[in-house]
Amino acid sequence: KAKVIVSTIPERETNLLLIKKIRDKTKKTIIIVTSRQQISDTLELYKAGADYVILPHYLGGEYTSRIIEKARQNKELYEKEKRTQIKQLKERLR
């Protein structure tokens, strides 16, 4: 009955099995899985039926690029981002 399933496990084989088991039951469930840096693994996951594949290194790079574009050489903006990140990390530790 799940409408969306998200796997943060980066192992290709585990995600392929997950996708197969879900797709054998239904085509409606949205499946989001995680992949390491391998483009071939990511494409294989899409071919197997993933609706979206999370690429942490790629997404992290995109996010960092946006910070750099916004802050440029303004050290105060980097300090603001730093404080925000530290706060979020401490909250996750709790």
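What counts and what doesn't
- Residues numbered from 1 in each chain as written.
- Predicted model: local features only at pLDDT ≥ 70, side-chain atom pairs only at ≥ 80, totals over all residues.
- Heavy atoms only, no water.
- Buried < 20%, exposed > 50% of the residue type's maximum accessible area, 1.4 Å probe, protein only.
- Helix = DSSP H or I, 4+ residues; strand = E, 2+ residues; numbered from the N terminus.
- Pairing = 2+ DSSP bridges.
- Right-handed = clockwise from strand over helix to strand, strands pointing away.
- Contact = heavy atoms within 4.5 Å.
- Axes fitted to C-alpha atoms, helices over the stretch in contact; angles between N-to-C directions.
- Left-handed = near helix turned anticlockwise from the far one by under 90°.
- Nonpolar A, V, L, I, M, F, W, Y, C, P; charged D, E, K, R; others polar.
- Patch = residues over 30% accessible without salt bridge, like charges linked within 9 Å, V, L, I, M, F, W, Y side chains within 5 Å.
- Areas by Shrake-Rupley, 256 points an atom, 1.4 Å probe, with all protein chains shown as cover.
- Salt bridge = Lys/Arg side-chain N within 4 Å of Asp/Glu carboxyl O.
- Expected span 1.5 Å × (residues − 1).

S.K.: So, the pairing of strand β2 (residues 30-34): which residues are in play, and what are the values?
M.R.: Sheet faces and side chains relate simply in a regular strand, where the side chains alternate between the two faces. Of all five residues in β2, four are buried; the element is thus mostly enclosed. Sheet topology places strand β1 (residues 4-6) next to β2; three bridges connect them, and they run parallel. Each bridged residue has a counterpart across the sheet, and for V6 the counterpart in β2 is I32. Since β1 and β2 lie parallel, the crossover through helix α1 (residues 12-25) that links them has a hand, and here it is right-handed.

S.K.: Describe in detail the environment of A48, supporting the description with residues and values.
M.R.: Its location among the elements puts A48 in helix α2 (residues 39-48). Note on A48: relative accessible area 34%, which makes it partly exposed. For the pair A48 and R23, spaced 25 residues apart in sequence, the C-alpha to C-alpha distance is 8.8 Å. Discounting chain neighbours no more than four positions away, the residues touching A48 are L16, I19 and R23.

S.K.: Explain the packing of helix α3 (residues 56-71) against helix α4 (residues 75-93) residue by residue, including any values.
M.R.: The N-to-C vectors of α3 and α4 enclose an angle of 145°; their axes lie 9 Å apart at closest approach. Seen from above, α3 lies across α4 with right-handed handedness. Contacts between α3 and α4 pair Y63, I67, I68, K70 and A71 from the former with L77, Y78 and E81 from the latter. The residue inventory of the contact of α3 with α4, partitioned by class, reads six nonpolar, no polar and two charged.

S.K.: Describe a nonpolar patch on the surface, listing the residues and the values that go with them.
M.R.: A surface patch of nonpolar side chains, amounting to about 620 Å² of accessible area, comprises I39, L43, Y46, Y52, Y58 and L59. Only α2 and α3 provide two or more residues apiece to the nonpolar patch. By residue number, the principal contributor to the nonpolar patch is α2, which donates three residues. Looking at where L43 falls in the secondary structure, it is placed in helix α2. In this structure L43 comes out as exposed when scored by relative accessible area, which is 53%.

S.K.: So what about α3? Which residues, and what values?
M.R.: The first and last C-alpha atoms of α3 sit 22 Å apart over 16 residues, in line with the 22 Å expected at 1.5 Å per residue. Following α3 by one or two positions, R72 has its phi on the positive side, about 50°.

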